[in-house]
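Next come the chains, spelled out residue by residue.
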Amino acid sequence: MTKIDFRDQISNNKWKSFFLMLIVIVFIVALGYVISRAFDPLYFSFIMIIAIIFSMLYILISYYNSHKIAIASVGAKPASREKHKMFYDLVEGLTLASGLPMPKLYVMSSQQINAFASGRNPIHAVICVTEGALNKLDRRELEGVLAHELGHVGNYDIRFITLVAVLVGMVAIISQIFLRSLFFSGNGGGDKKNAIFIIIGIALAILAPIAVYLVQMSISRKREYSADATAVKFTRYPDGLIKALEKIKNEHAPAEKKISKAVAPLFFANPFKNLGSTHPPIEKRIEALKRM
């Protein structure tokens, strides 16, 4: 088995994430070019203004309150230093090792082994673990999970994923406005050139949201690999995280209905078997960790 350095794993996944985000930007530019050729360029400017306004509203509401929304949506409660001493001790130790500020800690009522981090930056970060994680994981395993979550915090993953979500949202908004506007427009200028661009625009408007959604899922998976590698950087002990993942793999508890699908991508492990591929397969995560 070829060994890999966790530093290389972190760097490679970050570059892949930026490359995938560039693909989303290319879709926006392509849509803009086709629409501006099919209609008056001023029409595209109008569409972009609307898309930007909606995207900015998304940032203001979701981005700046992401940690509050995530905690409230799962009904988590603040962790008690007395009752959850190991939780506090491990996070404090990891923050000293990583140089990150101490996040706010929460516990969620669920018997599944899981955890998530949220917050737009390390200062506003929160880490939430399930009661199942506290009860079923030993000290080393829990440390690996918490290091993974701090990895998300240190890598500014919430900020990055939010930016990607805004770009993906812009593609969806532009596509919807363009498709709906066809019902209210004439023949787009009446010549064959415009007709060709309208046909291309329709194809892009239908396919682009699907394509960028798949790209968004791929970016989410890359950030999980990066957080795993960052956890190894913080602990220098991949076995703890490996054993935690193996326990999750062998866990057959049904998904808790109280977990919203909107926040499921934040979790350490996908809490819904049929949600989609926001997380890499556990087997592949274990395989990558064993090579470090």
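Now for a look at the structure at hand.

### Let's talk about the packing of helix α9 (residues 238–250) against helix α10 (residues 282–290)
Next up, step 1: Where α9 meets α10, the axes come as close as 10 Å, and the angle between the chain directions of the two elements is 165°. Here α9 lies roughly antiparallel to α10, going by the angle between them. Of the two possible hands of crossing, α9 and α10 adopt the one that is left-handed. Here Pro238, Leu241, Ile242, Leu245, Glu246, Ile248 and Lys249 of α9 lie close against α10, whose contacting residues are Ile282, Glu283, Arg285, Ile286, Leu289 and Lys290.
Next up, step 2: Among the residues making up the contact of α9 with α10, the classes are represented as eight nonpolar, no polar and five charged.

### Section: the pairing of strand β2 (residues 104–108)
Next up, step 1: Taken across its five residues, β2 has four buried, putting it largely inside the fold.
Next up, step 2: As paired elements, strand β1 (residues 77–78) and β2 share two bridges and run antiparallel to each other. Note that in β2 the partner of Pro78 across the bridge is Tyr106.
Next up, step 3: Across five bridges, the pairing between β2 and strand β4 (residues 126–130) is parallel. Each residue of the ladder has a partner; that of Leu105, found in β4, is Ile127.

### Some details on the environment of Asn114
Next up, step 1: Relative to the elements of secondary structure, Asn114 occurs in the loop between β2 and β3 (115–118).
Next up, step 2: When its relative accessible area of 3% is taken as the criterion, Asn114 is described as buried.
Next up, step 3: Spatially, the C-alpha atoms of Asn114 and Val129 are 6.0 Å apart, while their sequence positions differ by 15 residues.
Next up, step 4: When sequence neighbours within four positions are dropped, the list of residues in contact with Asn114 reads Val129, Thr130, Ala133, Phe267, Phe268, Ala269 and Pro271.

About the thresholds
Residues numbered from 1 in each chain as written. Predicted model: local features only at pLDDT ≥ 70, side-chain atom pairs only at ≥ 80, totals over all residues. Heavy atoms only, no water. Axes fitted to C-alpha atoms, helices over the stretch in contact; angles between N-to-C directions. Helix = DSSP H or I, 4+ residues; strand = E, 2+ residues; numbered from the N terminus. Parallel < 35°, antiparallel > 145°, perpendicular 65-115°, else oblique. Left-handed = near helix turned anticlockwise from the far one by under 90°. Contact = heavy atoms within 4.5 Å. Nonpolar A, V, L, I, M, F, W, Y, C, P; charged D, E, K, R; others polar. Buried < 20%, exposed > 50% of the residue type's maximum accessible area, 1.4 Å probe, protein only. Pairing = 2+ DSSP bridges.

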